[in-house]
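# Survey of secondary and tertiary structure
Spelled out, the chains give:
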Amino acid sequence: MIPLSLDGAAHLLVLTGAGISAESGVPTFRDAGGLWEGHAVEQVASPDGFAIDPSLVWRFYSQRRAGLTGVTPNLAHHALVEAEARLGERFLLVTQNVDGLHPLAGSRRMLEMHGNIMRTRCSACDRAPFEDRTAYGDGVVPLCDRCSAPLRPDIVWFGEMIARATLAAIDAFVRAAGSHLVFLAVGTSGVVYPAAGLVDVARAAGGRSFLVNAEPPANAARFDHIVIGPAGRALPALLGA
Ligand SMILES: NC(=O)c1ccc[n+]([C@@H]2O[C@H](COP(=O)([O-])OP(=O)(O)OC[C@H]3O[C@@H](n4cnc5c(N)ncnc54)[C@H](O)[C@@H]3O)[C@@H](O)[C@H]2O)c1
Ligand SMILES: [Zn+2]
């Protein structure tokens, strides 16, 4: 395996996807063929889907909330906590995952670019998102106690924008790193943008890029080094954790 040397100036930018949580028992969408109970994932994870059938959307997310009970981080999550401890401000983790396993493992220099499934927000008013582990399994749509509009999971759905502050923080990190940037993608199929384009941002900065995935993803050709294997085994080895 190619060692991922993190010398004095190296800045490590990590992007994780659903694959890093697979060994914790959290299914990826693609494992299920992109379907949930016969519905395309876009139907239960998009603003249009929510407008058409909010009850269906809440059943989907309620099931996923319930499925996360007792789920714990695995060796790959822990290896990233250790890398953060070694690198300090030369480390940034960007996750597409909404399962909260990175913060649970202890990651702090971290951006949850697609939100967190254990938070709820109002679909209409600007009250702050709040922690919510409730499974609304019976399909009753919860309503906002300020404005009576339907509440929704605090997730960035297909067709929605990533928070500007998140993109700005990634940009600032990449600039600070310059050619010392080391980009590492883990467990992501490379089809959901803008995350899938981060490898190109790293290349443009003159940095090195690594990928750990169970199979070659859609954007595999754009990485310098690829490790095919389960993240729980491959990532600690690559990071020397
Ligand atoms: N855990 C979660 O929070 C969660 C679960 C499902 C989907 N999602 C999100 O939905 C979007 C698309 O979902 P998706 O499921 O296609 O995810 P994805 O696009 O991130 O693809 C998952 C990738 O992980 C790989 N993989 C599977 N098991 C692995 C392992 N043990 N080690 C390394 N790689 C492994 C697969 O080969 C696949 O390429 C993303 O934003 C994703 O993060 C999040
Ligand atoms: Zn409201």
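Conventions used here
Residues numbered from 1 in each chain as written. Chains lettered and ligands numbered in written order. Predicted model: local features only at pLDDT ≥ 70, side-chain atom pairs only at ≥ 80, totals over all residues. Heavy atoms only, no water. Buried < 20%, exposed > 50% of the residue type's maximum accessible area, 1.4 Å probe, protein only. Helix = DSSP H or I, 4+ residues; strand = E, 2+ residues; numbered from the N terminus. Pairing = 2+ DSSP bridges. Phe/Tyr/Trp six-rings, centres within 6.5 Å; stacked < 30°, edge-to-face > 60°. Lys NZ or Arg CZ within 6 Å of the ring centre and 35° of its normal. Contact = heavy atoms within 4.5 Å. Near = heavy atom within 4 Å. Polar contact = N/O pair within 3.5 Å; in protein donor to acceptor, adjacent residues only side chain to side chain. Areas by Shrake-Rupley, 256 points an atom, 1.4 Å probe, with all protein chains shown as cover. Nonpolar A, V, L, I, M, F, W, Y, C, P; charged D, E, K, R; others polar. Donors = N, O, S within 2.8 Å, 3.2 Å for Na, K, Ca; no water. Axes fitted to C-alpha atoms, helices over the stretch in contact; angles between N-to-C directions. Domains from an automatic or database assignment. Core = buried A, V, L, I, M, F, W, Y, C linked by side-chain atoms within 4.5 Å.

### What about the pairing of strand E8 (residues 151-155)?
Of all the five residues making up E8, five are buried; the element is thus mostly covered by neighbouring parts of the structure. Bridge count for strand E6 (residues 115-122) against E8 is four bridges, and the pairing is antiparallel. Within E8, the residue paired with Cys122 across the bridge is Leu151.

### Observations concerning the packing of aromatic side chains
Using the criterion set out here, one finds seven aromatic pairs in the structure. Aromatic pair Trp36 and Phe60: ring centres 5.1 Å apart, planes at 70 degrees, arrangement edge-to-face. Remark: Phe60 occurs in helix H4 (residues 54-67) and Trp36 occurs in strand E2 (residues 35-36); sequence separation between them is 24 residues. The same class applies to Trp36 as to Phe60, namely buried. Among the aromatic side chains, those forming a connected cluster through ring pairs are Phe29, Trp36, Phe50, Phe60, Tyr61 and Trp157. Positioned above the aromatic ring of Trp157 is the side chain of Arg152, whose terminal nitrogen or guanidinium carbon lies 3.8 Å from the ring centre.

### Notes on the side chain of Asp132
Take Asp132: it is sitting in the loop between strand E7 (130-131) and E8. Classification of Asp132 as buried rests on a relative accessible area of 7%. The residues contacting Asp132, other than those within four sequence positions of it, are Arg65, Ile117, Met118, Arg119 and Thr120.

### Here we look at the site of ligand 1
The environment of ligand 1 is made up of 26 residues, and the closest members are Phe29, Arg30, Val98, Asp99 and Ser189. Note that an oxygen atom of ligand 1 is positioned 2.6 Å from one of the backbone N or O atoms of Phe29. Contacts to ligand 1 include Gly187, whose backbone N or O atom sits 3.3 Å from an oxygen atom. Contact with the protein chains removes 93% of the 830 Å² of surface that ligand 1 exposes when unbound. It is helix H1 (residues 19-22) that contributes the most residues to the shell around ligand 1, three residues altogether. Partitioned by chemical class, the residues of the shell around ligand 1 number nine nonpolar, twelve polar and five charged.

### A short note on the coordination of the zinc ion (ligand 2)
With distances of 2.3 to 2.4 Å, the protein atoms coordinating the zinc ion (ligand 2) are Cys122 (SG), Cys125 (SG), Cys144 (SG) and Cys147 (SG). Each donor residue of the zinc ion (ligand 2) belongs to the same chain, and together they define the spacing C-x2-C-x18-C-x2-C. Taken together, the residues span a long stretch of sequence, with Cys125 in the loop between E6 and E7 and Cys144 in the loop between E7 and E8 at a distance of 19 residues. Judged by relative accessible area, Cys125 falls into the partly exposed class, the value being 24%. On the accessibility criterion, Cys144 (3% relative accessible area) is buried.

### With respect to the sheet that holds strand E1 (residues 11-16)
Strand order in this open sheet of six strands is E5-E4-E1-E9-E10-E11, and the pairing throughout is parallel. Either end of the sheet is taken by a strand with one partner, and the two such strands are strand E5 (110-112) and strand E11 (225-228). Ignoring strand direction, the axes of neighbouring strands in this sheet form an average angle of 15 degrees. Helix H5 (residues 75-87) contacts E1 and strand E4 (91-95) of the sheet and is inclined by roughly 150 degrees relative to E4.

### Comments concerning the environment of Trp157
Relative to the helices and strands, Trp157 is located in the loop between E8 and helix H7 (164-177). Each C-alpha atom of the pair Trp157 and Ala202 lies 25 Å from the other, and the pair is 45 residues apart in sequence. Residues in contact with Trp157, not counting those within four places in the same chain, are Val44, Ala45, Ser46, Pro47, Phe50, Val57, Tyr61 and Arg152.

### Examining the side chain of Arg152
Within the secondary structure, Arg152 sits in strand E8. Residue Arg152 is classed as buried on the basis of its relative accessible area of 5%. A polar atom in the side chain of Arg152 sits 2.9 Å from the side chain of Glu160. Look past the residues within four positions of Arg152 in its chain and what remains in contact with it is Phe50, Trp58, Thr120, Arg121, Cys122, Ser123, Trp157 and Glu160.

### Quick word on the domain arrangement of the protein chain
Domain parsing of the protein chain yields domain 1 (11-26 + 72-114 + 161-239) and domain 2 (32-67 + 119-155). Here the C-alpha centre of domain 2 lies 27 Å away from the C-alpha centre of domain 1.

### Here we look at the nonpolar core
Counting residues in hydrophobic clusters, the biggest one holds 25 residues, and the most contacted among them are Leu4, Leu12, Leu184, Val212, Leu235 and Leu239. Contacts of Val212, omitting those with residues within four sequence positions, involve Leu184, Ala185, Val186, Gly187, Val227, Gly229, Ala231, Ala234, Leu235 and Leu238. Core analysis: the next-biggest nonpolar cluster, separate from the first, contains 24 residues, Phe50, Leu68, Cys144 and Trp157 among them.

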